[in-house]
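Architecture and fold: a report
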Amino acid sequence: MSIALQKTLSLLLLIVIGIFLQKKLQSEDQKKGLKTIILNIALPAMIFVALLKIEINPDLLILPVLALVFNIVMIFLTRYSLPFFGIKADTPAMRTLMLLLPSLAPGLTCFPFIVEYLGDDVLAWAALADIGNKLFVLVLAYLLAMSWYYKNQNLKAKSNGEKVKELLIAMVSEPINMVILVAIILLSFGFNLESMPGFLSESILMMKDMMTPLVLLFIGIAVIFKWDQLRMITSLLTFRAGFTFLISGLFIWLVPMPSEAAVILAVVFPQSAVSFWPFAHMSSIRKLEYENEDQKSNPTFDLELGINVLAVSMPFSTLLILGVFTSGSYFTYPIHVITIGALMVGLALLPKAIQWIRNAEFSFDSLREKVLKDSSVE
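Residues numbered from 1 in each chain as written. Predicted model: local features only at pLDDT ≥ 70, side-chain atom pairs only at ≥ 80, totals over all residues. Heavy atoms only, no water.

So, the overall build of the protein
- In terms of helices and strands, the protein carries 17 helices and zero strands.
- Counting over 378 residues, the protein shows a buried share of 47%.
- Of the accessible surface of the protein, which amounts to about 19600 Å², a share of 67% is contributed by carbon and sulfur atoms. (Helix = DSSP H or I, 4+ residues; strand = E, 2+ residues; numbered from the N terminus. Buried < 20%, exposed > 50% of the residue type's maximum accessible area, 1.4 Å probe, protein only. Areas by Shrake-Rupley, 256 points an atom, 1.4 Å probe, with all protein chains shown as cover.)

Printed below as a string of structure tokens:
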């Protein structure tokens, strides 16, 4: 058995254990507590350690820009592709999916596997890229959500100053952003992990080591098997993953990559599950609507659809990312990545294409019967 396969099976085993723990941890407060430990302690510690092991390179500053460009490209793709899946424009479902599908949550579904398969250096690159994604989910997604809320409810929008103030508070209060900022400041003054007091660095390393098992257990605990809307959501996530593979394949084909690990990072990072932050924005807006009798019956977002997308996206992305890592060097070749992407896009669109063909045949048969009927009357 190959080392990659053994590692994958060991990671999957932790997910399975998490699934068996679902009955023990049914309370939402318990799940929220586990997620809080991951996002506020284990993940920041892992990113802090990874960043302090690298040397500041101005070339790496392009990574958050590339991630943000990806988010923006995906939001336009979502806007113009959703009608093919039966999602009508300017509806709660459309607005919900336009915020969720372009977002990424690499901390829960990508970072643990990057550190296990590619190491801390590549994790540091991924953490820098996530700054651009954070800008999207915390800032742009919030602005879009509030803009749609004011438009849907015919309200006067807040001033730009108030919006900027709220966004800055949200970003500064995010532990991951604070850790990245502190790590960059320390690096700029020549400090690293070895420069820190032994007791402090040892504590940080112990917190960092909790990350992978906790995340995998959380994935197993949090996954919810709801069959309503499952077919549509799976098709949308398959389409999203396929188009993302196409973007990654073209990128690694056109842009010289420094290493094979960088190529794999360009493939797996965009395959992260959708982020919780846009859903948090939508939940806040729904709370505002519930507080107003006039707005309660006209929701801006579909929260039931949103929570189902989050539930399906996490295991879906986890399996995809594990598949990429387990396949060895297969995904280091652009043509392979593009081929897989095209196949997944075609698979997602196939049910709709079959439906179009059946509708066309039905219309043709109806027209033929009408013509024959008119001919017999004459």
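Don't stop here, the text continues.
Notes on the pattern of salt bridges
- Counted according to the given criterion, the structure contains four salt bridges.
- With a closest N to O distance of 2.9 Å, Lys-134 and Asp-130 form a salt bridge. Taken together, the residues Lys-134 and Asp-130, both in helix α7 (residues 120–152) and four residues apart, mark about one turn of the helix. Each member of the pair, Lys-134 together with Asp-130, is buried.
- Between Asp-209 and Lys-208 there is a salt bridge, with its nearest N and O atoms 3.9 Å apart.
- Overall, Lys-208 belongs to the buried group, its relative accessible area being 15%. (Salt bridge = Lys/Arg side-chain N within 4 Å of Asp/Glu carboxyl O.)

Points about the environment of Leu-61
- Tracing the chain through its elements places Leu-61 in the loop between α2 (28–52) and α3 (62–81).
- Assessed through its relative accessible area of 60%, Leu-61 is described here as exposed.
- A sequence separation of 64 residues divides Leu-61 from Trp-125, and the C-alpha atoms of the two residues are 9.5 Å apart.

Observations regarding the packing of helix α4 (residues 92–100) against helix α14 (residues 276–290)
- Axis separation between α4 and α14 bottoms out at 8 Å; the angle between their running directions is 145°. Of α14, the residues touching α4 (which contributes Thr-96, Leu-99 and Leu-100) are Pro-278, Phe-279 and Met-282.
- Across the contact of α4 with α14, the residue classes break down as five nonpolar, one polar and no charged. (Axes fitted to C-alpha atoms, helices over the stretch in contact; angles between N-to-C directions. Contact = heavy atoms within 4.5 Å. Nonpolar A, V, L, I, M, F, W, Y, C, P; charged D, E, K, R; others polar.)

Looking at α4
- Counting buried positions along α4 gives eight out of nine residues, so the element sits mostly inside the fold.
- Looking at α4, one finds that the buried residues are Ala-93, Met-94, Arg-95, Thr-96, Leu-97, Met-98, Leu-99 and Leu-100.
- If you follow the buried residues of α4, they end up packed against α3, α7, α12 (230–254), α14 and α16 (303–326).

What about the packing of α7 against α14?
- The N-to-C vectors of α7 and α14 enclose an angle of 30°; their axes lie 9 Å apart at closest approach. By the angle between their directions, the pair α7 and α14 is classed as roughly parallel. Handedness of the crossing formed by α7 with α14: right-handed. Along the contact surface, α7 presents Val-137, Leu-138, Ala-141, Tyr-142, Ala-145, Met-146, Tyr-149 and Asn-152, while α14 presents Trp-277, Pro-278, His-281, Ile-285, Leu-288 and Glu-289.
- Grouping the amino acids of the contact of α7 with α14 by side-chain chemistry returns eleven nonpolar, two polar and one charged. (Parallel < 35°, antiparallel > 145°, perpendicular 65-115°, else oblique. Left-handed = near helix turned anticlockwise from the far one by under 90°.)

A closer look at the packing of aromatic side chains
- One pass over the structure, following the stated rule, counts seven aromatic pairs.
- Between Tyr-117 and Phe-325, the ring centres sit 4.6 Å apart and the planes meet at 5°, which makes this aromatic pair stacked. With Tyr-117 in helix α6 (residues 111–117) and Phe-325 in helix α16, this residue pair connects regions lying 208 residues apart in the sequence. The residues Tyr-117 and Phe-325 share a single accessibility class, namely buried.
- Across from the ring centre of Tyr-80, 5.4 Å away, lies the NZ or CZ of Arg-79, which sits over that ring.
- Above the face of the Tyr-290 ring, Arg-286 is positioned so that its terminal group lies 4.3 Å from the ring centre. (Phe/Tyr/Trp six-rings, centres within 6.5 Å; stacked < 30°, edge-to-face > 60°. Lys NZ or Arg CZ within 6 Å of the ring centre and 35° of its normal.)

Digging into the side chain of Thr-318
- Tracing the backbone shows Thr-318 in helix α16.
- Not counting residues within four places of it along the chain, the set of residues in contact with Thr-318 comprises Ile-15, Thr-109, Phe-113 and Ile-219.

Some details on a nonpolar patch on the surface
- A cluster of nonpolar side chains, Ile-62, Val-65, Leu-66, Val-69 and Val-73, forms an exposed patch at the surface whose accessible area comes to about 380 Å².
- Counting through the fold element by element, Leu-66 comes out in helix α3.
- Overall, Leu-66 belongs to the partly exposed group, its relative accessible area being 35%. (Patch = residues over 30% accessible without salt bridge, like charges linked within 9 Å, V, L, I, M, F, W, Y side chains within 5 Å.)

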